[in-house]
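Here is what each chain is made of, one letter per residue.
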Amino acid sequence: MPLTLDQLNAASPAGFVALLDGTYEHSPWIAERAAARRPFATLAQLKRVLVEVVREAGRDEQLQLIRAHPELAGRAMVARTLTAESTNEQGQAGLTQCTPEEFETLQRLNAQYNAKFGFPFILAVRGPRGTGLGKAEIIATFARRLDNPPDVEFAEALRNIHRIAEIRLNDKFGVEPTLGHLVWDWAERLAEHSEPGYAERGELTVTYLTDAHRACAQRISHWMKADCGFDEVEIDAVGNVVARYHPAPGASTKYLLTGSHYDTVRNGGKYDGRLGIFVPMACVRELSRQGRRLPYGLEVVAFSEEEGQRYKAVFLGSGALVGQFDMRWLDQADAQGITMREAMKHAGLCIDDIPKLRRDPQRYLGFVEVHIEQGPVLNELDLPLGVVTSINGGVRYVGEILGTASHAGTTPMGLRRDAATAVAELALFLEKRASAVPDLVGTMGLLEVPNGSINVVPGRCRFSLDIRATTDPVRDACAAEVLAELERICQRRGLRYRIEETLRAAAAPSDPAWQQRWEHAVQALGLPVHRMPSGAGHDAMKLHEILPQAMLFLRGQNAGISHNPLESITSDDADLCVRAFSHLLDQLCAELS
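Since this is a predicted model, take the numbers as computed values, not measurements.

Cut-off values and rules
Residues numbered from 1 in each chain as written. Predicted model: local features only at pLDDT ≥ 70, side-chain atom pairs only at ≥ 80, totals over all residues. Heavy atoms only, no water. Helix = DSSP H or I, 4+ residues; strand = E, 2+ residues; numbered from the N terminus. Rg over C-alpha atoms; globule rule 2.2 N^0.38 Å. Buried < 20%, exposed > 50% of the residue type's maximum accessible area, 1.4 Å probe, protein only. Contact = heavy atoms within 4.5 Å. Areas by Shrake-Rupley, 256 points an atom, 1.4 Å probe, with all protein chains shown as cover. Lys, Arg positive; Asp, Glu negative; His and termini not counted. Charge placed at Lys NZ, Arg CZ, Asp CG, Glu CD. 1 Å grid on protein atoms, 1.4 Å probe; cavity = no way out; pocket = protein on both sides within 12 Å on 5 of 7 lines; lining within 4 Å. Points joined across faces, edges and corners; volume = space filled by probe spheres on them. Nonpolar A, V, L, I, M, F, W, Y, C, P; charged D, E, K, R; others polar. Axes fitted to C-alpha atoms, helices over the stretch in contact; angles between N-to-C directions. Left-handed = near helix turned anticlockwise from the far one by under 90°. Phe/Tyr/Trp six-rings, centres within 6.5 Å; stacked < 30°, edge-to-face > 60°. Pairing = 2+ DSSP bridges. Core = buried A, V, L, I, M, F, W, Y, C linked by side-chain atoms within 4.5 Å. Parallel < 35°, antiparallel > 145°, perpendicular 65-115°, else oblique. Arc of directions from axis to C-beta.

Student: In this structure, what is going on with the overall build of the protein? I would like to understand it.
Tutor: If you tally the helices and strands in the protein, you get 21 helices and 16 strands. Relative to the 2.2 N^0.38 estimate, which gives 25 Å for 593 residues, the radius of gyration of the protein is 26 Å and therefore close to what a compact globule would have. Dimensions along the principal axes, computed over C-alpha positions, put the protein at roughly 75 × 75 × 45 Å. Counting over 593 residues, the protein shows a buried share of 54%. In the protein, of all internal contacts separated by at least 6 residues, the share reaching a separation of at least 24 is 77%. When the accessible surface of the protein is totalled, it reaches about 25,100 Å², and 52% of it is carbon and sulfur. Computed over 64 positive and 76 negative side-chain charges, the separation of the two mean positions in the protein equals 2 Å.

Student: Any chance you could explain empty space enclosed by the protein here in plain terms?
Tutor: Rolling a probe over the atoms, with the probe sized like a water molecule, indicates the empty space that remains. Within this structure, the stated rule accounts for three cavities of 30 Å³ or more. What the largest cavity holds in volume is close to 120 Å³. Along the walls of the largest cavity sit H69, P70, L72, S86, E89, Q90, F121, I122, L123, V125, I164 and R168, which together make up its complete lining. Broken down by secondary-structure element, the contributors of at least two residues to the lining of the largest cavity are α7 (84–92) and α10 (150–173). In terms of residue count, the dominant contributor to the lining of the largest cavity is α7 (three residues). Of the residues that constitute the lining of the largest cavity, the class distribution is seven nonpolar, three polar and two charged. Taken as a whole, the second largest cavity encloses approximately 40 Å³ of empty space. E89, A124, V125, R126, I164 and I167 together form the lining of the second largest cavity. Of the residues in the lining of the second largest cavity, the class split is four nonpolar, no polar and two charged.

Student: How do you make sense of the layout of surface pockets when you look at a structure like this?
Tutor: In this structure, the second largest pocket encloses a volume near 1,100 Å³. Contributing to the lining of the second largest pocket are 38 residues, with E306, V314, F315, R396 and L503 lying nearest its centre.

Student: What am I meant to see in unusual backbone geometry here?
Tutor: Negative phi is the rule for most residues except glycine; trans is the rule for most peptide bonds. Following R38, the chain continues to P39 via a peptide bond in cis, the omega torsion being 5 degrees. Its identity is not glycine, yet H26 carries a phi of approximately 50 degrees, on the positive side. Looking at the element boundaries, H26 is found in the loop between α2 (13–19) and α3 (28–35). The phi angle at N558 is positive, at roughly 55 degrees, despite the residue not being glycine. Tracing the backbone through its elements, the reader meets N558 in the loop between β16 (549–554) and α21 (571–592). Accessibility expressed as a relative area gives 24% for N558, which makes it partly exposed.

Student: Is there a simple way to think about the packing of helix α13 (residues 275–290) against α21 in this case?
Tutor: Two numbers describe a pair of packed helices, the interaxial angle and the distance between the axes. One can describe the packing of α13 onto α21 by two numbers: an axis separation of 9 Å at closest approach and a directional angle of 65 degrees. Relative to α21, α13 is oriented so that their crossing is right-handed. Two secondary-structure elements touch here, α13 through V279, P280, A282, C283 and L287 and α21 through C577, V578, F581, S582 and L585. When its residues are assigned to classes, the contact of α13 with α21 shows nine nonpolar, one polar and no charged.

Student: What should I look at first to understand the packing of aromatic side chains in this one?
Tutor: Under the defined criterion, the tally for this structure stands at 14 aromatic pairs. Centroid distance Y113 to F142: 5.9 Å. Interplanar angle 80 degrees. Geometry classified as edge-to-face. A residue pair is termed long-range when its members are at least 10 positions apart, and Y113 in helix α8 (residues 100–117) and F142 in helix α9 (residues 135–145) qualify at 29 residues. You can call Y113 buried: its relative accessible area is 0%. Arranged with centres 5.9 Å apart and planes meeting at 80 degrees, the rings of F119 and F154 form a pair that is edge-to-face.

Student: Help me understand the pairing of strand β1 (residues 232–235), please; the structure alone is not making it clear to me.
Tutor: Side-chain positions along a regular strand alternate between the two faces of the sheet. Pairing between β1 and strand β2 (residues 241–245): four bridges, direction antiparallel. Paired with I235 across the two strands is V241, which belongs to β2.

Student: Sorry, what's going on with the nonpolar core here?
Tutor: For soluble globular proteins, the rule of thumb is that nonpolar side chains tend to be buried together. Counting residues in hydrophobic clusters, the biggest one holds 65 residues, and the most contacted among them are M224, F230, M281, L385 and L585. It is α21 that provides the largest number of residues to this core, a total of 10 residues. Ignoring anything within four residues of it in the chain, the contact list for F230 reads M224, A243, R244, Y245, M281, V284 and V300. Residues L5, C98, A124 and L146 belong to the second largest nonpolar core, which totals 53 residues.

Student: Would you explain the packing of helix α12 (residues 211–227) against α13 in this entry?
Tutor: Two elements in contact, α12 and α13, have axes whose closest approach is 10 Å; the angle formed by their N-to-C orientations is 15 degrees. The orientation of α12 relative to α13 falls into the category roughly parallel. The handedness of the crossing between α12 and α13 is right-handed. Across the interface between the two elements, I220, W223, M224 and D227 from α12 touch I277, F278, M281 and R285 from α13. In the contact of α12 with α13, the residues fall into six nonpolar, no polar and two charged.

Student: Would you take a moment to explain helix α5 (residues 59–67) for this structure?
Tutor: Structural remark: α-helix, 3.6 residues per turn; residues separated by three or four positions point the same way. Those residues of α5 not exposed but buried are Q62, L63, L65 and I66. Down the axis of α5, the buried side of the element spans an arc of 155 degrees, and every buried residue falls inside it. Every exposed residue of α5 that faces more than 90 degrees away from the buried side is listed here: D60 and Q64. On its buried face, α5 sits against α3, α4 (43–56) and α10.

See the structure below:
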């Protein structure tokens, strides 16, 4: 029979440890310390307390925990001395049936890893969905993590141990994150659509109104209709997929608006944007299956474009909903010379209807968005969910410093007019200035010496500036100081410069009431509330211009990396996200009743 929280809460301290035996490999001290923190109201709360016990332990105990784990396809597996749990996990990943070449590769990697770090390589081989990683993926992850610095890898080993424990607890309690699996599977299936030149390499690229983009819209539309039970589904005049689940008869005619984007960056991840479509889809699917209507409607929008990859304009989908689609954008051409107007006509979109897409704020309760964090904070804290306090305002510039190209061997250091070193000096100033203020970030992502040569002092250097902060005044103060420093550097070095502002987006603080609803939803799961700003831009910052908005972040795996094929989530975290969204819907029902 599956274990229950009631059994665990009622057990003696020794009984508690016995019931959790095998959750953490050969480490009963974790359960011993967790027993004192009962009662546990949710399984998520139990998992979190176990994580906290390990986080609070000293490094020696943590190292002992890591070393308690066997090598993958190592000596213990060959000698058949693995625990039952480890045998099951390595078996599901196929490691008990390696080819001689695979076994040799794993032995070599084990030896290299132990020599570098002094502890065995730990990987949750049952993977993000709990069904097992392939051997090729295990070997690739092994090789990639060998490049990590020791402290980074130590923390990554502990995170994988917690993931192993989470899956083992699911088994003990007979729990399956069904709705999380649904979200995870939708993401996998949608990622089958990718553009030529990328699809052949197994890379995901979906840009505005390409064949892959239109295929994604059709697939999402089909799921919304056939699987989820939405009452209306349409593809609008800019390519947004819009689905509505109507309110209960006689109830309010207002709707809660939610959603995110389904386009991607080039060679991107499967969850950026798309998570915020699938989570509310899963909630509506459950409501429809229960035959349940809410005292308000739910409108889910899969926004057609947010990334600005094919055309220079960004937020086309969400911008149209706030009445900010600039018709001059239609004349922009992509790299193949295809204008946006031509692409929209080819897709069968009715350009004349774009102005009609503007939403009337009086018909909506607000806008909420779920999104993968796209950063390392939640991953570092071992927290699955975070509540967003504000979406940072940003300003971007592209610039160029101009000096004199000259011979690297014959031009004395004191007589040089080196454009590249001037840009380097500016980059260091930006780093220092942004580091001095909380929640302010500054980046120079583009540094280029046109036609540079190894034996020529750079006469030109192009650069970019990206400055973001939780408030516009903090952002603008930093930008002003950086531009003033650019002027001083160039005067002192005898250089000229050009600078152009290319983007300015206002900060979007979360609406207090909606942020609090997310906080209550997280607390209801038995998890601590972590409040954090969003450094990335989101569709929510456009809807913020007409509606109150708030966001919920989901932890990303692999140090939270995003805009990258390594972007990853677990189905357990996705399940928590769906449950948090459902709780927010229920809160709203109670408030409106």
